[in-house]
Amino acid sequence: MNFLTVLPLAVVMVAGTQLVVAVFLASSDRPRAASLGFLAGAGVVVAAGVTVAWLVTRLVGGVAADASTVAGKVDRGPAIDLVVLALLVILAALIWVRRNRSGPPRWLGSIEHAGPPQALRLGALLFVVTPTDDLTMATVGASVGRHDLPWWHLVPFVLVTLLLLALPLLALLLLGGRAARVLTRMREWAEGHAWIVNEIVIAFFALLTVLDLIRSL
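Residues numbered from 1 in each chain as written. Predicted model: local features only at pLDDT ≥ 70, side-chain atom pairs only at ≥ 80, totals over all residues. Heavy atoms only, no water.

Draft legend 1. Spatial organisation of the overall build of the chain. What the chain contains, in helices and strands, is 11 helices and zero strands. Counting all 217 residues of the chain, 46% fall into the buried class. Long-range contacts, defined as pairs at least 24 residues apart, comprise 85% of the intrachain contacts of the chain with a sequence gap of at least 6. Accessible area of the chain: about 10,800 Å², with a carbon and sulfur share of 70%. (Helix = DSSP H or I, 4+ residues; strand = E, 2+ residues; numbered from the N terminus. Buried < 20%, exposed > 50% of the residue type's maximum accessible area, 1.4 Å probe, protein only. Contact = heavy atoms within 4.5 Å. Areas by Shrake-Rupley, 256 points an atom, 1.4 Å probe, with all protein chains shown as cover.)

Draft legend 2. Seen up close, empty space enclosed by the protein. Considering all chains together, one arrives at one cavity of 30 Å³ or more under this definition. Of the voids in this model, the largest cavity is the one considered here, and its volume is about 40 Å³. If you go around the largest cavity, the residues you meet are Ala22, Ser35, Phe38, Leu39, Leu165, Ala166, Pro168 and Leu169. Breaking the lining of the largest cavity down by element, the ones donating at least two residues are α4 (31-71) and α9 (167-175). Per element, the largest residue contribution to the lining of the largest cavity is three residues, and it comes from α4. (1 Å grid on protein atoms, 1.4 Å probe; cavity = no way out; pocket = protein on both sides within 12 Å on 5 of 7 lines; lining within 4 Å. Points joined across faces, edges and corners; volume = space filled by probe spheres on them.)

Draft legend 3. The nonpolar core, seen in detail. Counting residues in each nonpolar core, the largest one holds 48 residues, and the members touching the most others are Leu25, Phe38, Phe127, Phe157 and Leu165. Taken together, the elements giving at least two residues each to this core come down to α2 (9-14), α3 (17-26), α4, α5 (77-97), α6 (116-129), α7 (131-146), α8 (155-165) and α11 (194-216). Residue contributions to this core peak at eight residues, all from α4. Excluding anything up to four places from it in sequence, Leu165 contacts Val14, Gln18, Leu19, Ala22, Phe38, Leu39, Ala42 and Phe127. The next biggest cluster of nonpolar side chains, apart from the first, holds eight residues, and it includes Ala26, Leu169, Leu172 and Leu183. (Core = buried A, V, L, I, M, F, W, Y, C linked by side-chain atoms within 4.5 Å.)

Draft legend 4. Main features of the packing of α3 against helix α10 (residues 179-192). At a minimum axis distance of 9 Å, the contact between α3 and α10 shows a crossing angle of 160°. In terms of orientation, α3 lies roughly antiparallel with respect to α10. Both α3 and α10 take part in a crossing whose hand is left-handed. Within the contact between the two elements, α3 uses Leu19, Val20, Val23, Phe24 and Ala26 and α10 uses Leu183, Met186, Arg187, Trp189, Ala190 and Glu191. (Axes fitted to C-alpha atoms, helices over the stretch in contact; angles between N-to-C directions. Parallel < 35°, antiparallel > 145°, perpendicular 65-115°, else oblique. Left-handed = near helix turned anticlockwise from the far one by under 90°.)

Draft legend 5. Here's a closer look at the packing of α8 against α9. Their axes nearest at 4 Å, the elements α8 and α9 cross at an angle of 50°. In terms of axis orientation, α8 runs oblique to α9. Contacts between α8 and α9 pair Leu163, Leu164 and Leu165 from the former with Leu167, Pro168 and Leu170 from the latter. Taken together, the residues of the contact of α8 with α9 sort by class into six nonpolar, no polar and no charged. (Nonpolar A, V, L, I, M, F, W, Y, C, P; charged D, E, K, R; others polar.)

Draft legend 6. Local environment of the side chain of Thr130. Tracing the chain through its elements places Thr130 in the loop between α6 and α7. One polar contact links the side chain of Thr130 to the main-chain carbonyl oxygen of Leu126, over a distance of 2.5 Å. (Polar contact = N/O pair within 3.5 Å; in protein donor to acceptor, adjacent residues only side chain to side chain.)

Draft legend 7. Here's a closer look at the side chain of Thr209. Along the chain, Thr209 falls in helix α11. For Thr209, the residues in contact, after removing those within four places along its chain, are Asp81, Val84, Leu85 and Leu88.

The quantities given are spatial measurements derived from coordinates; they are silent on function.
As structure tokens, then:
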């Protein structure tokens, strides 16, 4: 496993309300400043979330490895794989339950005039309070930590997550006045079809985890 393996989970991080909010901010009174603030808040939380999960996994793994050495046993990998698999199952179930929620959140109208500070707080809060994002960050950090990969392997995941979130802003910068149609399509896709892509990505990563589990037994 390397950092490329966890990159598809970046789609799960943003597909849904997060992308809808990014579209609304790109259509707000101060689209560039608000979007950059939103990206900054999201980046801080995502980087912190995967780092904490990575540190906890490495710490628990180190303690388990020491205990296994004393007890004459070997691998703590399968246990972490089972935890990751359980997180993926919960994540898939949560996305399935929430799949029929349609329409933008009611509070989105209040961010039409958002400035950078408000957008930054919104980006941070949205990724903290969204269960699917919390589970995804825990899964990514635990997976990278389980394979004893260095911390920098988490950086591409954070960057891809931010790049996907920045798509509405990039559309605005590249297309100018023609961006409205593209932004509308992005919002409609995120509201109606994101859950399908999320489930496919989760199933793919779950398969990789199961294969790791089989190889380690």
